[in-house]
4 protein chains.
Amino acid sequence: MIKRRRVTVIGAGFMGSMHASIFANMVGCELAAIVDPNLDLAGVVAAKAPGCKVYASHEALLAVERDLDLVSICTPDNLHLAPAVAVAQAGINVFVEKPISSKVEDARAIIAACEAAKVKLGVGYLLRFDPRYAAARELMTSGKIGEPIHIYARRNSARTEGPKRYGGKLPLALHVTVHDVDMVLWMLDGQHPVSVYAQQTDRLLGAAGTQDSLAAIVRFSGGTVVNFESAWSLPSGARHMIDARMELIGTEGAFEVQCGDSGLYYAGSDNSREIDTQHWPTVNGRIDGDLARQLNGLLAWLDGAAMPIATGRDALRSLELTLAMMQSAESGEIVRLG
Amino acid sequence: MIKRRRVTVIGAGFMGSMHASIFANMVGCELAAIVDPNLDLAGVVAAKAPGCKVYASHEALLAVERDLDLVSICTPDNLHLAPAVAVAQAGINVFVEKPISSKVEDARAIIAACEAAKVKLGVGYLLRFDPRYAAARELMTSGKIGEPIHIYARRNSARTEGPKRYGGKLPLALHVTVHDVDMVLWMLDGQHPVSVYAQQTDRLLGAAGTQDSLAAIVRFSGGTVVNFESAWSLPSGARHMIDARMELIGTEGAFEVQCGDSGLYYAGSDNSREIDTQHWPTVNGRIDGDLARQLNGLLAWLDGAAMPIATGRDALRSLELTLAMMQSAESGEIVRLG
Amino acid sequence: MIKRRRVTVIGAGFMGSMHASIFANMVGCELAAIVDPNLDLAGVVAAKAPGCKVYASHEALLAVERDLDLVSICTPDNLHLAPAVAVAQAGINVFVEKPISSKVEDARAIIAACEAAKVKLGVGYLLRFDPRYAAARELMTSGKIGEPIHIYARRNSARTEGPKRYGGKLPLALHVTVHDVDMVLWMLDGQHPVSVYAQQTDRLLGAAGTQDSLAAIVRFSGGTVVNFESAWSLPSGARHMIDARMELIGTEGAFEVQCGDSGLYYAGSDNSREIDTQHWPTVNGRIDGDLARQLNGLLAWLDGAAMPIATGRDALRSLELTLAMMQSAESGEIVRLG
Amino acid sequence: MIKRRRVTVIGAGFMGSMHASIFANMVGCELAAIVDPNLDLAGVVAAKAPGCKVYASHEALLAVERDLDLVSICTPDNLHLAPAVAVAQAGINVFVEKPISSKVEDARAIIAACEAAKVKLGVGYLLRFDPRYAAARELMTSGKIGEPIHIYARRNSARTEGPKRYGGKLPLALHVTVHDVDMVLWMLDGQHPVSVYAQQTDRLLGAAGTQDSLAAIVRFSGGTVVNFESAWSLPSGARHMIDARMELIGTEGAFEVQCGDSGLYYAGSDNSREIDTQHWPTVNGRIDGDLARQLNGLLAWLDGAAMPIATGRDALRSLELTLAMMQSAESGEIVRLG
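Reading the values: rules and limits
Residues numbered from 1 in each chain as written. Chains lettered and ligands numbered in written order. Predicted model: local features only at pLDDT ≥ 70, side-chain atom pairs only at ≥ 80, totals over all residues. Heavy atoms only, no water. Buried < 20%, exposed > 50% of the residue type's maximum accessible area, 1.4 Å probe, protein only. Helix = DSSP H or I, 4+ residues; strand = E, 2+ residues; numbered from the N terminus. Pairing = 2+ DSSP bridges. Contact = heavy atoms within 4.5 Å. Axes fitted to C-alpha atoms, helices over the stretch in contact; angles between N-to-C directions. Buried area = accessible area lost by both parts, 1.4 Å probe. Salt bridge = Lys/Arg side-chain N within 4 Å of Asp/Glu carboxyl O. Polar contact = N/O pair within 3.5 Å; in protein donor to acceptor, adjacent residues only side chain to side chain. Nonpolar A, V, L, I, M, F, W, Y, C, P; charged D, E, K, R; others polar. Core = buried A, V, L, I, M, F, W, Y, C linked by side-chain atoms within 4.5 Å. Domains from an automatic or database assignment. Least-squares fit on C-alpha atoms with pLDDT ≥ 70 in both. UniProt positions renumbered as here; feature names shortened; annotations may be inferred.

Engineer: Explanation requested: the pairing of strand E12 (residues 254–258) of chain B in the structure shown.
Structural biologist: The two faces of the sheet receive side chains in turn, since in a regular strand these alternate between them. With respect to burial, E12 of chain B is a largely interior element, 4 of its 5 residues being buried. The sheet contact formed by strand E13 (residues 264–267) of chain A and E12 of chain B spans 4 bridges and is antiparallel. When the bridges of E12 of chain B are listed, Leu 264 of chain A appears paired with Val 257 of chain B. Where strand E11 (residues 242–250) of chain B meets E12 of chain B, 5 bridges bridge the pair, whose relative direction is antiparallel.

Following this line, the structure appears as structure tokens:
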């Protein structure tokens, strides 16, 4: 007999709804409650699990529910601080969608609250659970790559997707590039960034409060040079959902992670698309892929299993490097770090 | 509180070992025993789960263990019949790796035993749990494809892999093509094959007791024409593990499943390879991908969830069509079916 | 000092216009005349070359122009016979677009007329001048492939292209598959086909007087099995102009020719496309690629250079095999050849 | 009747030999002489054309041959100056392989000599004659791309190729990146670079006197940001000859040039390779592709045709920008340009 983990999701939007759906189907897990100021929306999401309750705020939640193993925070990125700290102070483990925050001081406050309360803090860098990136990292730790020399990391998507959802709220770099920053820091275990240079454009999307593209070059302490490229300004007719790649040249071998061509291509009468088969595909009626694998791994990690859930300190490192890119792109100057 | 399902795996070889590893890590599952005439090998596999016992035969297993929810049979394909029937007669649910058998009469006997004992019978067609094929089928049921007109299904791999493991034991078609046969029958729900023509070659691998390649054309009752191509004679330097594709043209749209380029390419000093990221990749230390997804789905299916586990009757249909291909390839004549 | 070859093109349509444009820009060549019953159209094409004349028929041409080195016949496929015979009888070398004809007796008559008149006869199988196919054949003659075991040859395109231009005039196989038939016969030098089986569909394009798709399996005298697949029924939104492939497995090595992804992908606001870079791309204002390379090779061949221009007898062989496929597809029976 | 152009090639190495072979087969062209201090090597190359003479130096050539239309200079890059100036002063048109020189002052001297002598000066940037890049530029001039926002330009190859031939003689940037610099300047007609930042690595190839990789970000006067990436440190087992790409996002559309997958893939028993089908493939016994197309275009350009042969001033611009990248990579500082 095993006890079910009781989990709550705060935020009933795009990501929160997916979290809820995954927890609702997970063996050994009980989706206890959904929190959202829009109680109707919360109710729709809660309907996925029998007995799941709804609350309008994290205060309302914590006033009633104390026997929780985990709260997953999927609010807009600038609204992570208050629920994360409150949940930690209630002695409950915290999971926050990426980035941990858009401000270093908020990230530090969340980390401090979790450490003080002795609860675990995970951050939603789901690519660590993508079979392509995870096996690439395994190539590195196995010695097949040797010492890393050069990395190219790209993440490009259509102007009709991200900018519509996030324009004006969070910059391109903090939404998009930060994924690759986390991956690079994960791959380059033991190195730290020493200099950062970036350029960006905003010709197309400046009016929508965001950037078209960002290119950055980061030099690391061990001599590895990393070239980041991000854009959410591809034309709307492009066939890729996310044209993401990571290519690493090492002294002994090289790898290429390629996520644009997904293995499933659809053509209709008007256009054609690659269909997601890794990030959060629905497989036979259930949300699966990296996101589900991460949330399964998260529960195992709470139980003590070795899982590469990004910690608060990992997330702080990726936030700091991403902010340095933004600072360089805005000033046109090199930013030198530690 | 939830009760753990008790599972046993018969066969401690390549597939049995992977099944055992997946069940051992599955929440809500207890790997109760491993059965193999080689008890040392069984012991190595059993070591993955605390308390897991070993038995030298299914008779020995069933003499002791009666409180089992599932037995997964991963013996060589010609040794499915006896354990499957015995497990069914013991009132325990049966899962058999594909193909259900190499003989129609054995397949029918297994099905009959399970029906008589009122236990469930699943067969290991893991591609039904591959996000690419599963989402392709979803395109069909959603109406985005319209009526299917033409399908091309390929499955090619290197001469150094399959033929070494299986040459002389089971023909190319029953090992390899049968995967695509099951997929096509799954996609063409409601149609049945009416004529089959095939040609094969054995110039390279005839001496090893198997075929180099097989090409087949099958016409279905609804007018859809399907072109199958299988080979396990690619040169050993080829970069693909399995160059598998399924491409379907419909009246409204088309899809292409492409499994050869896996999203992770490795180059070393001698050659380069695509690395498996979907069938059974190890992700962060655990076997994941289609196989794990299928075995998770299997337990849910035992509990009553709607899951596309291939049934005994599904497996009988794919066996019959595959045998018709072999008959045509050997005789050089068209085989006409029902 | 070198003498210019005087060339005439019969037919001012899609292909004739490209031939004319290429000859007009070719060093050492004079485009002497264009022949088309539509004199206005002929005039537009003739304007590409200073001094180029126009005629309404091949009879009118031959009544005036006798000092010609070559006449290229780009009329509709069912109108090759009369001009080809007349040009040959006038003692002028003949080039005919593929297929040489849709009837074996017409093909034989053209060949006989050219042999009787001792003029050269070439047929427009431009893929022999495609760097991908030409280098693939070089792999075979170099011994890197060993003996050929199995070939897969595909040629798929959108329902909005070919069927609109050619539907009702010439079947799919004679327009499309015949390209791959010529390539396979070229690759399998010394072998001849012994059995042919094919199936076709016409659900979508039957009303337009053509087929959607064709699949064929041909066994050759040396034991090589070839699997042909052709379709011009891909959805109009598909990104490929022509998704053509030829994959050959040999005893020593294998090759894959892949023509769908062209090396230039364009995405706009509505959809995305691969852009032709090999068949007849315009490069810096001039028609280039396989077609131009073939016509340059043609003039060198007239001068005695060794060039793989398809001869009349080559074209007769590919016609006969293609007609056998059509016969099998229509009858549902195996066609056995010599 | 047309007069033949008389052409001489200086340098009988890898590139000079290919130039000679192409000129020897070109209609309307006479390969008059080969110049190389190694007269035996010159003789081997001269044997490709009947009557072709050999000389040990450009001084010896010019002492005898005055009736030349063109001299193509394929000497090592640091030995362009003397022959180029002497040929120009003899009143003969000059073609120089890229880069025009490794020094700005030499480039200026060559340009001045040609302008003073009123002869034409072309530089061998063959990608301008590649159908992929040429058609991509046509997309830009046609308006389908709109205003350029962001470009990514890559050129990566194996450590076993370039570094062995060129290590210690010319840096990675001047051999490799300079191709993409010319392409970008050609695409961004009317813009000039305003700031340059680069980083390089030399962990692997430093001992061989060259760099492993270079990443650079250049901002142009019109706001376009360009990200360059070059490496000749891929492992020797990598399947690509040159993994080159250029991807441009514009306000109206985007394009991707992809040169790594060539359309012809070969797998043998040890490894697999993409085979060149565009740069200088041998097609049916003759060197073809970009290089041949460029040299054909060169002769047309001498006759007054509009052809995008890179001029001396074009080559000076690409040299200056490439040198700025090298300066930034060595200093670690931003280089700001006029």
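Engineer: Explain the sheet that holds strand E17 (residues 310–311) of chain B to me, please; I cannot follow it from the model alone.
Structural biologist: Across a sheet, paired strands are connected by hydrogen bonds in the backbone, their directions being either parallel or antiparallel. Residues and elements named next belong to chain B. Ordered by their spatial adjacency, 7 strands build an open sheet running E3-E2-E1-E4-E5-E6-E17, and the pairing between neighbours is mixed. The open sheet terminates on both sides in strands that have one partner only, identified here as strand E3 (53–55) and E17. Note that strand E6 (residues 121–124) and E17 share 2 bridges and pair antiparallel. Note on E17: the bridge partner recorded for Gly 122 is Thr 311. Contacts between helix H9 (residues 290–302) and the sheet are confined to strand E1 (5–10), strand E2 (29–35), strand E4 (70–73), strand E5 (93–97), E6 and E17, with E5 contributing the most and set at about 160° to the helix.

Engineer: Just to check I follow, could you spell out unusual backbone geometry for this structure?
Structural biologist: In most cases, non-glycine residues show a negative phi, while peptide bonds are predominantly trans. All names here are of chain A. Following Lys 98, the chain continues to Pro 99 via a peptide bond in cis, the omega torsion being -10°. Residue position: Pro 99 is located in the loop between strand E5 (93–97) and helix H5 (104–117). The phi torsion at Asn 284 lies on the positive side, around 50°, for a residue other than glycine. Tracing the backbone through its elements, the reader meets Asn 284 in the loop between strand E15 (282–283) and strand E16 (286–287).

Engineer: Where do I start with the interface of chain C and chain A in this structure?
Structural biologist: Many structure descriptions define interface size as the accessible area lost when the parts assemble. In this complex, chain C contributes 13 residues to the contact, which on the side of chain A involves 13 residues. Carbon and sulfur atoms make up 44% of the surface buried where chain C meets chain A, a total of about 960 Å² over both sides. Contact with chain A buries surface across chain C, with Gly 237, Arg 239 and Tyr 265 of chain C losing the most and accounting together for 39% of the total. For the pair chain C and chain A, the number of links is 0 salt bridges. At the boundary of chain C with chain A, the tally comes to 10 residue pairs in polar contact (both at pLDDT 80 or more). Each residue belonging to the side of chain C that touches chain A can be placed in one class, and the counts come to 4 nonpolar, 6 polar and 3 charged.

Engineer: Sorry, what's going on with the sheet that holds strand E1 (residues 5–10) of chain D here?
Structural biologist: All names here are of chain D. The mixed open sheet is built from 7 strands, whose spatial order is E3-E2-E1-E4-E5-E6-E17. Every interior strand has two partners, whereas the edge strands, strand E3 (53–55) and strand E17 (310–311), have only one. The pairing of strand E4 (residues 70–73) with strand E5 (residues 93–97) spans 4 bridges and is parallel. Counterpart to Ser 72 in the pairing with E5 is Phe 95.

Engineer: When you look at the nonpolar core in this model, what are you seeing that I'm missing?
Structural biologist: In a soluble, globular protein the nonpolar side chains are often hidden away together inside. Residue and element names in this part refer to chain C. In this structure, Phe 23, Ile 34, Met 246, Phe 255 and Met 325 are the most contacted members of the largest nonpolar core, which totals 113 residues. The greatest single-element share of this core, amounting to 11 residues, is contributed by helix H8 (residues 172–187). The residues that make up this core include at least three from each of domain 1 (5–124) and domain 2 (130–278 + 312–336). Leaving out residues up to four positions away in the same chain, Ile 34 has contacts with Val 9, Ala 12, Ala 20, Ala 42, Val 45, Ala 46, Cys 52, Lys 53, Val 54 and Tyr 55.

Engineer: Please explain the relation of the copies chain C and chain A as it appears in this structure.
Structural biologist: Each copy of the chain is related to the other by a rotation around an axis and a translation along that axis. The two copies are related by a screw motion: chain C maps onto chain A through a turn of 180° and a shift of 0.0 Å along the axis, at an RMSD of 0.0 Å. On the angle and the small slide along the axis, the relation comes out as a two-fold axis. Across chain C, the smallest distance between a C-alpha and the rotation axis is recorded for Asn 271 of chain C, namely 2.4 Å. Most of the interface of chain C is mirrored in chain A, where 100% of its interface residues are also at the interface.

Engineer: I keep staring at the relation of the copies chain D and chain A and nothing clicks. Help me out?
Structural biologist: Its rotation angle being 180°, the transformation that places chain D on chain A also includes 0.0 Å of axial translation and leaves an RMSD of 0.0 Å. A share of 100% of the interface residues of chain D reappears at the interface of chain A, consistent with the copies meeting face to face through the same patch.

Engineer: Please explain the UniProt feature "domain: GFO/IDH/MocA-like oxidoreductase" (unreviewed entry) in chain A as it appears in this structure.
Structural biologist: Sequence positions flagged by UniProt for "domain: GFO/IDH/MocA-like oxidoreductase" (unreviewed entry) are, in local numbering, residues 133–255 of chain A. Helix and strand shares over residues 133–255 of chain A are 24% and 40% respectively, and the end C-alpha atoms of the span are 10 Å apart.

Engineer: Honestly, the interface of chain D and chain A in this entry has me stumped. Any pointers?
Structural biologist: Across the boundary between the two partners, chain D contributes 45 residues, which contact 45 residues of chain A. Across the chain D to chain A interface the summed buried area is about 3,400 Å²; carbon plus sulfur atoms make up 55%. Its largest share of buried area at the contact with chain A, chain D owes to Tyr 197, Arg 203 and Ile 217 of chain D, together 16% of the area lost on that side. Run the count over chain D and chain A and you get 7 salt bridges. Its salt-bridge partner being Glu 333 of chain D, residue Arg 336 of chain A comes within 3.1 Å of it at the nearest N-O pair. For the side of chain D that touches chain A, the elements supplying multiple residues, two or more each, are strand E7 (148–158), strand E8 (193–201), strand E9 (213–220), strand E10 (225–234), strand E11 (242–250) and strand E12 (254–258) of chain D. Sorting elements by how many residues they give to the side of chain D that touches chain A places E10 of chain D first, with 7 residues. Across the side of chain D that touches chain A, the residue classes break down as 15 nonpolar, 16 polar and 14 charged.

Engineer: Quick question: what am I supposed to make of the pairing of strand E8 (residues 193–201) of chain C here?
Structural biologist: Residue and element names in this part refer to chain C. Within E8, 8 of the 9 residues are buried, which leaves it mostly tucked inside the rest of the structure. For E8 and strand E9 (residues 213–220), the ladder comprises 8 bridges, and the chain directions are antiparallel. When the sheet's bridge partners are listed, Gln 200 is paired in E9 with Leu 214.

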